[in-house]
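Summary of structural features
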Amino acid sequence: MGLAYPRKVDLAHTPTPLQYLERASSKWGCGHRLWVKRDDLTGSTLSGNKVRKLEFIAAHAIDNGYDTLITCGGLQSNHCRATAFVGAQLELAVHLLLRGEEPPERDGNLLLGHLAGATVNCYPTGQYVSEIGDLFRHWQAHYAERGRKALAIPTGGSDGVGVWGYIAACEELAADFHTAAIEQAHIVTATGSGGTQAGLTLGTALHQLPATVWGVNVCDDEQYFLHKVASDTADWKARYPDVPSVTVQPRVLDGYVGQGYGIAGADVFALIAQLSRLEGLVLDPVYTGKAFAGMVAEIAAGRFEGCRDIVFVHTGGIFGLFPQRAGFNC
Ligand SMILES: Cc1ncc(COP(=O)(O)O)c(C=O)c1O
């Protein structure tokens, strides 16, 4: 479909490879072929799924005269780290509003965000949850008083602008499917703020990709993500009224959050270690590890029966692994 994409800034190293996991297919595939879309390879410090969204968000910021990006997330937010590096690359100031007390030692994404020169404020969880809207407004006003213009980017860059990233990625996947002779597939991704899932779900419909998209939620629940994907889609339609009309049906694989966001069970840590050794592929305990565990469990339960190919989107997140080193027995 000839889609009129808004401008983007080229930041991601794309197309990323679609890699066949031969040994993982034998071990967990139950007859399916398991593939991984290597979006962990969109870059180095500026890597993972967020970069695809930020390419469009950064262009939107520059084209509308913003000189500062304000965004928010957990202390180990991959999105915040990626935004910090986008700012450093494009000479935009970045201000991160993080959930949680500043730890005595900076590690993983938090360390990298500081290295990239972002201004960082940490807020206790209760205050963050109840006041995040006010905090955005406070800091936007702060910059406005100084003659600056700050763009508020929501959690995970998940809004009607950010979803373009994975709408575009579906064009890449269409080419991947052709090369790999994939006629029909299930696509599985971790879902945390919903934008990747929304983009993939919209993109498969817009590009008529023969695939069903599933989000494995790493926080909240099925209802939350059904609503979030629908609201990101509505925001996209409102911002770009000329886009073709498509109906999307989000699908969520709920039941793999475990004890909560960012808390992985021993089974997830064990799976990460197994896959690292089996295929040389490293997942993280917050997003991709839980999503991969969910996919393996759903395969075993027969969820994808009748369809040979399953594509796991590796959305990155490796820096979030280091602050959780205590979970590994190695
Ligand atoms: C590594 C990683 N994977 C997956 C996700 C989920 O993507 P989304 O926020 O678009 O739902 C995130 C961020 O939330 C992430 O950092």
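Residues numbered from 1 in each chain as written. Predicted model: local features only at pLDDT ≥ 70, side-chain atom pairs only at ≥ 80, totals over all residues.

**Digging into the overall build of the protein chain**
A count of helical and extended segments in the protein chain gives ten helices and ten strands. Computed over C-alpha atoms, the radius of gyration of the protein chain comes to 19 Å, within 12% of the 20 Å expected from 2.2 N^0.38 for 330 residues, which places it in the range of a compact globule. With the C-alpha coordinates of the protein chain rotated into their principal frame, the extents come out at 60 × 50 × 35 Å. Out of the 330 residues in the protein chain, the part that is buried amounts to 48%. (Helix = DSSP H or I, 4+ residues; strand = E, 2+ residues; numbered from the N terminus. Rg over C-alpha atoms; globule rule 2.2 N^0.38 Å. Buried ≥ 20, exposed ≤ 12 C-beta atoms within 10 Å, placed from the backbone.)

**Some points on the site of the ligand**
Around the ligand, the structure places 19 residues, and the nearest of them are N78, G156, G192, T315 and G317. Those elements giving two or more residues to the shell around the ligand turn out to be α3 (78–90), β7 (185–191) and α7 (195–206). A total of three residues in the shell around the ligand trace back to one element, the largest contributor, which is α7. Grouping the constituent residues of the shell around the ligand by class yields two nonpolar, 17 polar and no charged. (Near = placed C-beta within 6 Å. Nonpolar A, V, L, I, M, F, W, Y, C, P; charged D, E, K, R; others polar.)

**Focus on helix α5 (residues 125–145)**
Think of an α-helix as turning once every 3.6 residues; residues three or four places apart then point the same way. Across its 21 residues, α5 extends 28 Å between first and last C-alpha, which sits within 8% of the 30 Å expected from 1.5 Å per residue. Along α5, the helix axis deviates most sharply at E131, where the bend reaches about 75°. Counted residue by residue, α5 has zero buried out of 21 residues, so it is predominantly exposed. (Expected span 1.5 Å × (residues − 1). Bend = angle between axes of the 7 residues up to and from the residue.)

**Here's the deal with unusual backbone geometry**
T14 connects to P15 through a cis peptide bond whose omega is 0°. You can see P15 is positioned in the segment before β1 (18–20). Notably, A181 is not glycine yet its phi reads approximately 55°, a positive angle. Overall, the presence of 7 C-beta atoms within 10 Å leaves A181 in the exposed class. The phi torsion at D220 lies on the positive side, around 50°, for a residue other than glycine.

**Let's talk about the sheet that holds β7**
With mixed pairing, six strands are arranged side by side in an open sheet as β1-β2-β10-β7-β8-β9. Taken across any chain shown, the strands that pair with only one partner, and hence form the sheet edges, are β1 and β9 (252–253). Summarising the sheet, β7 and strand β8 (residues 211–217) pair through seven bridges and their orientation is parallel. Within the sheet, the bridge partner assigned to A185 lies in β8 and is A211. (Pairing = 2+ DSSP bridges.)

**Regarding the packing of α3 against helix α4 (residues 108–115)**
Interhelical geometry of α3 versus α4 gives an angle of 20° and a closest axis separation of 8 Å. Compared by their axis directions, α3 and α4 come out roughly parallel. Note that α3 runs across α4; the crossing there is left-handed. Residues N78, C80, R81 and A84 of α3 touch α4, and the partners they reach there are N109, L112 and G113. Grouping the amino acids of the contact of α3 with α4 by side-chain chemistry returns three nonpolar, three polar and one charged. (Axes fitted to C-alpha atoms, helices over the stretch in contact; angles between N-to-C directions. Parallel < 35°, antiparallel > 145°, perpendicular 65-115°, else oblique. Left-handed = near helix turned anticlockwise from the far one by under 90°. Contact = placed C-beta atoms within 7 Å.)

**Points about the packing of helix α9 (residues 266–279) against helix α10 (residues 288–300)**
The interhelical angle for the contact between α9 and α10, taken along N-to-C directions, is 90°, at an axis separation of 9 Å. As far as their axial angle goes, α10 and α9 are roughly perpendicular. Contacts between α9 and α10 involve D267, V268, L271, I272 and L275 from the first element and G289, K290, F292 and A293 from the second. Among the residues making up the contact of α9 with α10, the classes are represented as six nonpolar, one polar and two charged.

**Considering the domain arrangement of the protein chain**
The parts lose accessible area when they come together, and the size of an interface is often stated as this lost area. Domain assignment breaks the protein chain into domain 1 (18–47 + 161–327) and domain 2 (50–157). Counting from both sides, the interface comprises 23 residues of domain 1 and, opposite them, 21 residues of domain 2. Its residues placed into classes, the side of domain 1 that touches domain 2 shows ten nonpolar, 13 polar and no charged. (Domains from an automatic or database assignment.)

**Description of the nonpolar core**
Core analysis: the largest hydrophobic core is formed by 85 residues, its most contacted members being I187, V188, F292, M295, I310 and F312. Examining the composition of this core, we find that eight residues originate from one element, helix α6 (residues 164–180), more than from any other. Two domains each donate at least three residues to this core, and these are domain 1 (18–47 + 161–327) and domain 2 (50–157). Ignoring anything within four residues of it in the chain, the contact list for I187 reads L200, A211, V213, W214, V311 and V313. (Core = buried A, V, L, I, M, F, W, Y, C linked by C-beta atoms within 7 Å.)

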